[in-house]
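# Breakdown of the fold
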Amino acid sequence: MSEQFFIRPAVEGDFVAWLSLWNGYNAFYGRSGATALPADITRTTWSRFLDADEPMHALVAENSSGLLGLAHFLFHRSTIQRGPSCYLQDLYTVEASRGRGVARALIEEVYRRAREAGAPRVYWQTHETNATAMMLYDKVAEKSGFVVYRKML
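Attention in this report is confined to the structure presented alongside it. Note that the structure is a prediction, hence the values are computed from the model and not measured.

## A word on the environment of L74
By the element assignment, L74 lies in strand 3 (residues 66-76). For the pair formed by L74 and S97, sequence separation is 23 residues and the distance between their alpha carbons is 25 Å. For L74, the contacting residues outside a window of four places in its chain are P55, M56, S85, C86, Y87 and Q89.

## Topic: the environment of R104
Following the sequence through the fold, R104 ends up in helix 3 (residues 102-116). Along the primary structure R104 and V140 are separated by 36 residues, whereas in three dimensions their C-alpha atoms are 7.8 Å apart. Filtering out sequence-adjacent residues up to four positions away, R104 remains in contact with L136, K139 and V140.

## Side note on the packing of helix 1 (residues 15-28) against helix 2 (residues 39-50)
At their nearest, the axes of helix 1 and helix 2 sit 12 Å apart, and the two run at 125° to each other. Judged by the inter-axis angle, helix 1 sits oblique to helix 2. Of the two possible hands of crossing, helix 1 and helix 2 adopt the one that is right-handed. Residues F15, W18, L19 and W22 of helix 1 lie in contact with helix 2, whose contacting residues are T42, W46 and F49. Considered class by class, the residues forming the contact of helix 1 with helix 2 number six nonpolar, one polar and no charged.

## Side note on the packing of aromatic side chains
If you walk through the whole model with that rule in mind, you get 14 aromatic pairs. Ring geometry for W18 versus F49: centroids 6.1 Å apart, planes at 80°, classification edge-to-face. Here the residue W18 occupies a position in helix 1, and F49 occupies one in helix 2, the gap between them amounting to 31 residues. You'll find W18 and F49 in the same group, each marked buried. Here the aromatic cluster, defined as three or more aromatic residues joined through ring pairs, consists of F15, W18, W22, Y25, F28, Y29, W46, F49 and Y92. The side chain of R121 reaches across the aromatic face of Y123, ending 4.8 Å from its centre.

## Concerning the pairing of strand 3
The element strand 3 is largely enclosed, with a buried count of ten among its eleven residues. Examined bridge by bridge, strand 2 (residues 56-63) and strand 3 share eight bridges and lie antiparallel to one another. Each residue of the ladder has a partner; that of N63, found in strand 3, is G66. Counted between consecutive antiparallel strands, the loop separating strand 2 from strand 3 contains two residues.

## What about the environment of L19?
Position of L19 relative to the elements: it lies in helix 1. Through-space distance from the C-alpha of L19 to that of T42 is 8.4 Å; in sequence the pair is 23 residues apart.

Conventions used here
Residues numbered from 1 in each chain as written. Predicted model: local features only at pLDDT ≥ 70, side-chain atom pairs only at ≥ 80, totals over all residues. Heavy atoms only, no water. Helix = DSSP H or I, 4+ residues; strand = E, 2+ residues; numbered from the N terminus. Contact = heavy atoms within 4.5 Å. Axes fitted to C-alpha atoms, helices over the stretch in contact; angles between N-to-C directions. Parallel < 35°, antiparallel > 145°, perpendicular 65-115°, else oblique. Left-handed = near helix turned anticlockwise from the far one by under 90°. Nonpolar A, V, L, I, M, F, W, Y, C, P; charged D, E, K, R; others polar. Phe/Tyr/Trp six-rings, centres within 6.5 Å; stacked < 30°, edge-to-face > 60°. Buried < 20%, exposed > 50% of the residue type's maximum accessible area, 1.4 Å probe, protein only. Lys NZ or Arg CZ within 6 Å of the ring centre and 35° of its normal. Pairing = 2+ DSSP bridges.

As structure tokens, this is what we get:
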């Protein structure tokens, strides 16, 4: 029997449950304890999701037990297309819900919202060691072939 859940935008009352997911997501990528994000970054991020003038958005997956996952995405201009690009920045589901369609449903909702906003593409990145997630990503998107470089300033 498949788990019943629905996808919706995050609202102010979700903060505590969202924070638990956010902390889990960050811990997965090594940002916990001494390397945790500063609290003001988390507060700023959350406030951006609730600000209608911001290009950042948060979706949550929810069932009768609470929040199961999150997806954060943003729109930005591009030099190679007229419409905005949609960057899926964060995607996370609680461990107990993995493999049950929650992440796929979050991605599909981001796709829907991107189409609605006139974005001709959605893109994201993941760590090369995230093999479990990449099994899903290979089914719902294509690898771009680009390598990400960065320099922290």
